Amino acid sequence: MDWLDRVARLRRWTSNGVRAPHKPLLLLYALGSYQRDAEGELRYTAVEQELKRLLAEYGPSNPTTPAYPFHHLVSDGVWEVRTDRGPGSPGSGIGVLRSSGATGRLAAELRAALGRDPALLSRMARVLLDDHFPPSLHEDLCEAVGLDPEEAGTGIAGRTARRQRDRRMRELILTAYEFQCAFCGYDGALGASAVGLEAAHVRWWSHDGPDAVDNGLCLCSLHHKLFDKGVLGVGEGRRILVSQRFVGRSEASRQHVLALAGRPVIGPQAGNPPVADRHREWHVRQVFHGAARKPLEQAAEVV
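If you're wondering where the values come from, they're calculated on a predicted model, not measured in any experiment. Throughout, a residue's number is its position along its own chain's written sequence, starting from 1. Whole-chain, interface and lining totals are the exception, using all residues; otherwise, since this is a predicted model, local features are given only for residues with pLDDT of at least 70 and side-chain atom pairs are given and counted only at 80 or more. The side-chain quantities take in all heavy atoms of the structure and omit both hydrogens and water.

1. Re the packing of aromatic side chains
Then, in step 1: Between rings of Phe, Tyr and Trp, where Trp is taken as its six-membered ring, a pair exists when centres lie within 6.5 Å; planes separated by under 30 degrees are stacked, by over 60 edge-to-face, and by other angles tilted. The tally for this structure, following the rule as stated, stands at four aromatic pairs.
Then, in step 2: Taking 5.9 Å as the distance between ring centres and 70° as the angle between the ring planes, the aromatic pair formed by Phe183 and Phe227 counts as edge-to-face. Of the two residues, Phe183 sits in the loop between helix H10 (169–176) and strand E5 (189–190) while Phe227 sits in helix H11 (residues 221–228), which places them 44 residues apart along the sequence.
Then, in step 3: The buried label applies to any residue whose accessible area, calculated with a 1.4 Å probe on protein chains only, is under 20% of its type's maximum; exposed applies above 50%, and partly exposed to all values in between. The class for Phe227 is buried, based on a relative accessible area of 1%.
Then, in step 4: Members of the aromatic cluster, connected to one another through ring pairs, are Tyr44, Phe70 and Trp79. Counting from the N terminus, the helices are DSSP H or I runs at least four residues long and the strands are E runs at least two residues long.

See the structure below:
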């Protein structure tokens, strides 16, 4: 059985580019649990809050529940659920999962395959990370689910990628934005090489975002991470959005994040297309968290 192909084909609800990372997040969490205890089970009531935090941090901004993937992942053949009454999921309702003593773990056949080929775990994790999340979040996500980042970072031998990244993407984006962060203007270099500058996809590559200048921003490492986590976004008129959910009390947070609200994006230079509205709007709908803050000057006037 090709477990990598099965993981790559997890059945998820999709419509107009809507993100639905519920099953991938639960499966990553289960792989991390297996890495720590190959025979352990995950009782729903014990992991519900952890899974909710994962969905809140790495899922879309709309409210969601871990009960959905806990039940529905069974249909993909990689997960099994049993209750106090025996094998089988009682349903996707929060109440019934709690009251029935529901527990879940990787399917028996998959556990056997992992026992025969321990490296399979890291290859599965890499498929899930590459197919559903941008690279800037991979290490943080591995830590959040308890996966060894080095183990999860190994190559995927024998898997044919459905899409190939354009290796010129970073050079194209950094050149278009004149090697400076489109949010803060940072332009550090070590000799002739830029340092701390990255090419960020606006619509994630894992969600059909193209390797194209009109889907990219040159961002410093800090603002790239905050952009992919939904703290920052790009609004109408190419103005920077800062989520109301972001909390920062230090002067550094004020200068490097809060003060960005309402500022225009810097660049790109003439002759290069700005971020396309369709990609910008996807990011606002699927990644940016909550409502946008008012610029600091406007907020001060209200007070």
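2. Remarks on a nonpolar patch on the surface
Then, in step 1: On the surface, a nonpolar cluster with roughly 280 Å² of combined accessible area is contributed by Tyr186, Leu190 and Val195.
Then, in step 2: As for its position among the elements, Val195 is in the loop between strand E6 (193–194) and strand E7 (197–201).
Then, in step 3: The exposure class assigned to Val195 is partly exposed, which follows from its relative accessible area of 32%. To count toward a patch, a residue needs a relative accessible area above 30% and no salt bridge. Like charges then connect within 9 Å, nonpolar side chains (Val, Leu, Ile, Met, Phe, Trp, Tyr) within 5 Å. With residues, only the protein chains shown are counted as cover, and all accessible areas are computed by Shrake-Rupley using a 1.4 Å probe. Any carboxyl oxygen of Asp or Glu that lies within 4 Å of a side-chain nitrogen of Lys or Arg is treated as forming a salt bridge with it.

3. As for the packing of helix H7 (residues 119–132) against helix H8 (residues 138–145)
Then, in step 1: In this analysis an axis means a line fitted to C-alpha atoms, helices contributing only their contacting stretch, and an angle means the value between N-to-C directions, from 0 to 180 degrees. The geometry of H7 relative to H8 is characterised by a closest axis approach of 11 Å and an angle of 125° between their N-to-C directions. As summarised for this structure, H7 and H8 are arranged oblique, according to the angle between their axes. Read as a crossing pair, H7 and H8 show a hand that is right-handed. Contacts between H7 and H8 involve Arg126, Leu129 and Asp130 from the first element and His138, Leu141 and Cys142 from the second.
Then, in step 2: Residues that form the contact of H7 with H8 fall into these classes: three nonpolar, one polar and two charged. An angle counts as roughly parallel when it lies under 35 degrees, as roughly antiparallel when it exceeds 145, as roughly perpendicular when it falls between 65 and 115, and as oblique in every other case. Each crossing gets its handedness from the near helix: less than a right angle anticlockwise from the far helix is left-handed, clockwise is right-handed. Should any heavy atoms of two residues lie within 4.5 Å, those residues are considered in contact. Under the convention adopted here, Pro, Cys and the residues Ala, Val, Leu, Ile, Met, Phe, Trp and Tyr are nonpolar, Asp, Glu, Lys and Arg are charged, and Gly plus all remaining residues are polar.

Bear in mind that shape data such as this cannot, by itself, settle questions of function.
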